[in-house]
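If you want the building blocks of each chain, they are given just below.
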Amino acid sequence: MAFDKDAFLTALDSMSVMELNELVKAIEEKFGVSAAAMAAPAAGGAAGGAAAAEEKTDFDLVLTEAGAQKVGVIKVVREITGLGLKEAKDLVDGAPKTIKEAMPKADAEAAQKKLVDAGAKAELK
């Protein structure tokens, strides 16, 4: 059976961020490689290292507005940060606040989606 690159790319296009993250982890385990280690040489080789220095890999998750469903947002903040109830409530009440710093892109996007689904407004910086 021949490898169908177009079908593979179509399948990747339909996957969620969490599914893509799981796929990358499975590939790393199966072949004993690291996607992070492979990304820097590939970007640096083509642009003399300048592109690798400019590409952002860590993101800060910022809660810009708690929204009407404050209890749900507090629960999500506790899940993301591991904070206690009072600390999470204070953080949500003090919006705009940085929820978590230096998160990998996939994790930051997933956390942002959870916050938005809970009724909050959040952004990545």
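Treat the numbers as computed from the prediction; the structure is a model and nothing was measured.

What about unusual backbone geometry?
Line of reasoning, step 1. Of the consecutive residues Ala 95 and Pro 96, the connecting peptide bond is found in the cis state with omega at 5°.
Line of reasoning, step 2. As for its position among the elements, Pro 96 is in the loop between helix H6 (85–93) and strand S2 (97–104).
Line of reasoning, step 3. In this structure, Ala 102 is a non-glycine residue whose phi angle is positive, near 55°.

Some details on the pattern of salt bridges
Line of reasoning, step 1. Counted by the stated rule, this structure contains seven salt bridges.
Line of reasoning, step 2. A salt bridge links Lys 70 to Asp 93; its shortest N-O distance comes to 3.0 Å. A residue pair is termed long-range when its members are at least 10 positions apart, and Lys 70 in helix H5 (residues 70–81) and Asp 93 in helix H6 qualify at 23 residues.
Line of reasoning, step 3. With a relative accessible area of 36%, Lys 70 lands in the partly exposed category.
Line of reasoning, step 4. A salt bridge links Asp 93 to Lys 89; its shortest N-O distance comes to 2.7 Å. Within this pair, Asp 93 and its partner Lys 89 are both found in helix H6, separated by four residues, close to a single helical turn.
Line of reasoning, step 5. Looking at Asp 93, the relative accessible area reads 37%, which means it is partly exposed.
Line of reasoning, step 6. A cluster of three or more residues bridged by salt bridges with shared partners is formed by Lys 70, Lys 89 and Asp 93.

Describing the confidence of the model for the chain
Low pLDDT marks stretches whose predicted atomic positions should not be read closely.
Line of reasoning, step 1. On average, residues of the chain score 82 in pLDDT, and 83% of them are at 70 or above.
Line of reasoning, step 2. Mean pLDDT per element in the chain: helix H4 (residues 50–54) is the minimum at 51, and H5 is the maximum at 90.

Looking at the packing of H5 against helix H7 (residues 105–117)
Line of reasoning, step 1. Remark: H5 packs on H7, axes separated minimally by 9 Å, with the N-to-C direction vectors making an angle of 160°. When the axis of H5 is compared with that of H7, the two are roughly antiparallel. Seen along the crossing, H5 lies across H7 with a hand that is right-handed. In this structure, H5 uses Val 73, Val 76, Val 77, Glu 79 and Ile 80 to contact H7, whose residues at the interface are Ala 111, Lys 114 and Leu 115.
Line of reasoning, step 2. Taken together, the residues that form the contact of H5 with H7 break down as six nonpolar, no polar and two charged.

So, how was this worked out
Residues numbered from 1 in each chain as written. Predicted model: local features only at pLDDT ≥ 70, side-chain atom pairs only at ≥ 80, totals over all residues. Heavy atoms only, no water. Helix = DSSP H or I, 4+ residues; strand = E, 2+ residues; numbered from the N terminus. Salt bridge = Lys/Arg side-chain N within 4 Å of Asp/Glu carboxyl O. Buried < 20%, exposed > 50% of the residue type's maximum accessible area, 1.4 Å probe, protein only. pLDDT = per-residue confidence, 0-100. Axes fitted to C-alpha atoms, helices over the stretch in contact; angles between N-to-C directions. Parallel < 35°, antiparallel > 145°, perpendicular 65-115°, else oblique. Left-handed = near helix turned anticlockwise from the far one by under 90°. Contact = heavy atoms within 4.5 Å. Nonpolar A, V, L, I, M, F, W, Y, C, P; charged D, E, K, R; others polar.

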